[in-house]
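Here are the chains, one letter per residue:
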Amino acid sequence: WRFDSKAEADYARGLDARKDAGEIIFWLRQIPVDLTEDDRYRLDFLVVESSGELYGVDVKGMETKSFKRVVRLWQRYAPFPLHVVYRLAFSLLVLR
């Protein structure tokens with residue numbers, strides 16, 4: 001698969017490892033979510049944990065003004081949580 005960034009590709013490999021370990025049931029990529037009638041956001045990943053918990057993941061190199069707006073809309077209208085993952089020098093930082 002082609003990913004938009006190395007950070008996304010790294011995160012996907014981690015999801016595959018978690019699936020192999022039985023921690024998650026499955027994951028999907030590039031899932032559109034309608035937040036309002038006029039606002040659709042495409043998640044990097046949608047994850048279903050083995051517990052049944054469902055959440056979206058967005059991998060970011062940096063946070064933009066438009067993404068801050070998406071986060072506000074997400075907090076208000078989204079049907080499930082969003083985990084934002086920031087790429088640091090050599091690791092991924094997950095904010096829930």
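Quick caveat, the model's predicted, so the values are computed rather than measured. (Residues numbered from 1 in each chain as written. Predicted model: local features only at pLDDT ≥ 70, side-chain atom pairs only at ≥ 80, totals over all residues. Heavy atoms only, no water.)

**Student:** For this particular structure, what's the right way to read the pairing of strand 3 (residues 54-60)?
**Tutor:** Successive residues of a regular strand alternate their side chains across the two faces of the sheet. Most of strand 3 is tucked away: 6 of the 7 residues are buried. Across 4 bridges, strand 2 (residues 40-49) lies against strand 3 in antiparallel orientation. Residue Leu46 lies in a different strand from strand 3, and its bridge partner there is Gly56. Counting the residues that bridge the hairpin from strand 2 to strand 3 gives 4 residues, and of these Gly52 lies at a positive phi of roughly 100°. Bridge count between strand 3 and strand 4 (residues 82-87): 5 bridges; the pairing is parallel. Across the sheet, the residue bridging to Val59 is Val85, located in strand 4. Chirality of the crossover, the property in question, places the unit of strand 3, helix 2 (residues 65-77) and strand 4 among those that are right-handed. (Buried < 20%, exposed > 50% of the residue type's maximum accessible area, 1.4 Å probe, protein only. Helix = DSSP H or I, 4+ residues; strand = E, 2+ residues; numbered from the N terminus. Pairing = 2+ DSSP bridges. Right-handed = clockwise from strand over helix to strand, strands pointing away.)

**Student:** Explain the pattern of salt bridges to me, please; I cannot follow it from the model alone.
**Tutor:** When their charged atoms lie close together, side chains carrying opposite charge are able to pair. One pass over the full model with this rule turns up 7 salt bridges. The partner of Asp10 in a salt bridge is Lys6, and the shortest N-O contact between them spans 3.1 Å. Of this pair, Asp10 and Lys6 both sit in helix 1 (residues 6-20), 4 residues apart, which is roughly one turn of that helix. Classification of Lys6 by relative accessible area gives exposed; the value is 57%. Of the charged contacts in the structure, one is a salt bridge between Asp10 and Arg13, with a shortest N-O distance of 2.2 Å. Of this pair, Asp10 and Arg13 both sit in helix 1, 3 residues apart, roughly one helical turn. (Salt bridge = Lys/Arg side-chain N within 4 Å of Asp/Glu carboxyl O.)

**Student:** Quick question: what am I supposed to make of the environment of Thr64 here?
**Tutor:** Mapped onto the elements of the fold, Thr64 is located in the loop between strand 3 and helix 2. In this structure the side chain of Thr64 is engaged in a polar contact, spanning 3.2 Å, whose partner is the side chain of Ser66. A distance of 3.1 Å separates a polar atom in the side chain of Thr64 from the backbone nitrogen of Phe67. (Polar contact = N/O pair within 3.5 Å; in protein donor to acceptor, adjacent residues only side chain to side chain.)

**Student:** Would you take a moment to explain the packing of aromatic side chains for this structure?
**Tutor:** Two aromatic rings are characterised by how far apart their centres lie and by the angle between their planes. Counted according to the given criterion, the structure contains 5 aromatic pairs. A centroid spacing of 5.5 Å and a plane angle of 35° characterise the contact between Tyr11 and Phe45, whose relative ring orientation is tilted. Linking Tyr11 in helix 1 with Phe45 in strand 2, this pair joins segments that are 34 residues apart in sequence. Just as Tyr11 is buried, Phe45 falls in that class too. Between Trp27 and Phe45, the aromatic rings sit 5.4 Å apart at their centres with planes inclined by 70°, giving edge-to-face as the arrangement. Taken as a pair, Trp27 in strand 1 (residues 24-34) and Phe45 in strand 2 lie far apart in primary sequence, 18 residues in all. Assigned by exposure class, Trp27 and Phe45 land together as buried. Pairwise contacts between aromatic rings join Phe3, Tyr11, Trp27 and Phe45 into one cluster. One cation-aromatic arrangement involves Arg29 over Phe3; the distance from NZ or CZ to the ring centre is 4.3 Å. (Phe/Tyr/Trp six-rings, centres within 6.5 Å; stacked < 30°, edge-to-face > 60°. Lys NZ or Arg CZ within 6 Å of the ring centre and 35° of its normal.)

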